[in-house]
Amino acid sequence: MLNLRNISTHTSLLLVAAILFLSIVVTPLRAADFSLSWPTPNPAFSQGLQFAKFLQKTGPDKLVTSGAYGCVRNNGYKFHEGLDLFPIKRDTRGRADDIVFAAMNGVVRHASRTTTHSSYGKYIVLEHPGVQPALYTLYAHLAEIDHNIKPGVSVRVASRLGMMGNTSSFRIPLDRSHLHFEVGLRLSDHFQSWYAKRPFNSPNRHGNFSGFNLVGLDPLSFYESYKSKSIATPLAFIQSLPIVTKVRVRSSGIPDFVKRYPSLSTRLKPGELPKAWDAYFAAHGFPVRIEPASGETPKGKSPYRILSYDEAADSASRKCRGIIMHNGKHLAPSDQLMSYLELLFNP
């Protein structure tokens, strides 16, 4: 049950209203109901209010949408992979005083309690094995992580995780305290192998739950789909995303992404070991599915071949996170997509 101690009566009522509104029970998945909760006590989204009532913008002279997902920063040239949600309550010193809640039933996979170890500051990653695919959610810039939140611990939807704050490896002003919230997929189970081959200046302190290994979808669109009941499951939401590019990859192994997210692939026949795979990506490089290739395997030095590219579908993301570039008369993966492909197929 949700612990409402130390919350004012007014805030408690708002919190319960928000959770009841967003706890949407839909078609059973493997005999388990799927429920979704807003991660903060602010009921503005559930009440259908405008973005300005819940999104934290990056500065007083910035647009409210700078706290949203996508190409929303630096005049559209900088990507933001989640939502920034401001507090509705502060203590006498001006610090955020909102509890942060689990968006779905899940398992704690990572809890980073050292502020300087990441631009996320103190952050938590949950995995949600009760849904298909097993999404992650991420909660960052926390002031506190509850003492019981440790890897392997199961949590219930709307249960307490910690307190909203402004922690980060860089300075976030107190008056811009917020929750950075993500929903998405994990690329690789072998992230450290990939990381060790790159010229990073600091060690990987987060295992497979570094932000480099996590790819987020648009949380607001995800929640809006559930609120309107236009999409019943996370899988249906992902399948609804327009495909920007299809890439054929020469690789004889079975990606752990395919093993971890079988609902995003095709079941292999016993003993089948494909020589190539077709990877489908939505805007910003979000992986929608990976399937065994049925056509010709890429030849030559590069193991990648662009099979299709929908430039119109890429228009919203190309400015800040383009995934395909024109190399003379040919199409090639951008540096960002190349990193994703390496993590998926050859970490």
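Residues numbered from 1 in each chain as written. Predicted model: local features only at pLDDT ≥ 70, side-chain atom pairs only at ≥ 80, totals over all residues. Heavy atoms only, no water.

A. Structural context of the pattern of salt bridges. Counted under the stated rule, the structure contains 15 salt bridges. With a closest N to O distance of 2.7 Å, Asp91 and Arg95 form a salt bridge. Using a relative accessible area of 23% as the deciding quantity, one classes Asp91 as partly exposed. By relative accessible area, which is 38% here, Arg95 ends up partly exposed. Here Glu296 ties to Lys299 by a salt bridge, and the two come within 3.8 Å at their closest N and O atoms. Its relative accessible area of 48% is what places Glu296 among the partly exposed residues. (Salt bridge = Lys/Arg side-chain N within 4 Å of Asp/Glu carboxyl O. Buried < 20%, exposed > 50% of the residue type's maximum accessible area, 1.4 Å probe, protein only.)

B. Molecular detail of the sheet that holds strand β15 (residues 304-309). Spatial ordering of the open sheet is given by β14-β13-β12-β15, a layout of four strands whose pairing is antiparallel. A strand with exactly one partner marks an edge of an open sheet, and here the two such strands are β14 (287-292) and β15. Each neighbouring strand pair of the sheet contributes to a mean axis angle of 20°, computed without reference to strand direction. Here strand β13 (residues 276-281) pairs with β14 via five bridges, running antiparallel. Of the residues in β14, the one forming a bridge with Trp277 is Pro292. (Pairing = 2+ DSSP bridges. Helix = DSSP H or I, 4+ residues; strand = E, 2+ residues; numbered from the N terminus. Axes fitted to C-alpha atoms, helices over the stretch in contact; angles between N-to-C directions.)

C. Region of the structure containing helix α3 (residues 219-228). Those residues of α3 that fall on the buried side of the exposure criterion are Pro219, Leu220, Phe222, Tyr223, Ser225 and Tyr226. For α3, the capping residue at the N-terminal end is Asp218, with a side-chain oxygen 3.1 Å from the backbone nitrogen of Leu220. Positive backbone phi, at 60°, marks Lys229, one or two positions downstream of α3. (Polar contact = N/O pair within 3.5 Å; in protein donor to acceptor, adjacent residues only side chain to side chain.)

D. Structural detail: the side chain of Arg260. Note that Arg260 resides in helix α5 (residues 256-260). Accessibility expressed as a relative area gives 16% for Arg260, which makes it buried. There is a polar contact of 3.3 Å between the side chain of Arg260 and the backbone oxygen of Leu187.

E. Region of interest: unusual backbone geometry. In this chain, Gln132 is followed by Pro133 through a cis amide linkage whose omega measures -10°. In this fold, Pro133 is placed in the loop between β6 (122-127) and β7 (136-145). Look at His141: it is not a glycine, yet its phi comes out positive at around 65°. By the element assignment, His141 lies in strand β7. A positive phi angle, near 65°, is found at His284, a position not held by glycine. By secondary structure assignment, the location of His284 is in the loop between β13 and β14.

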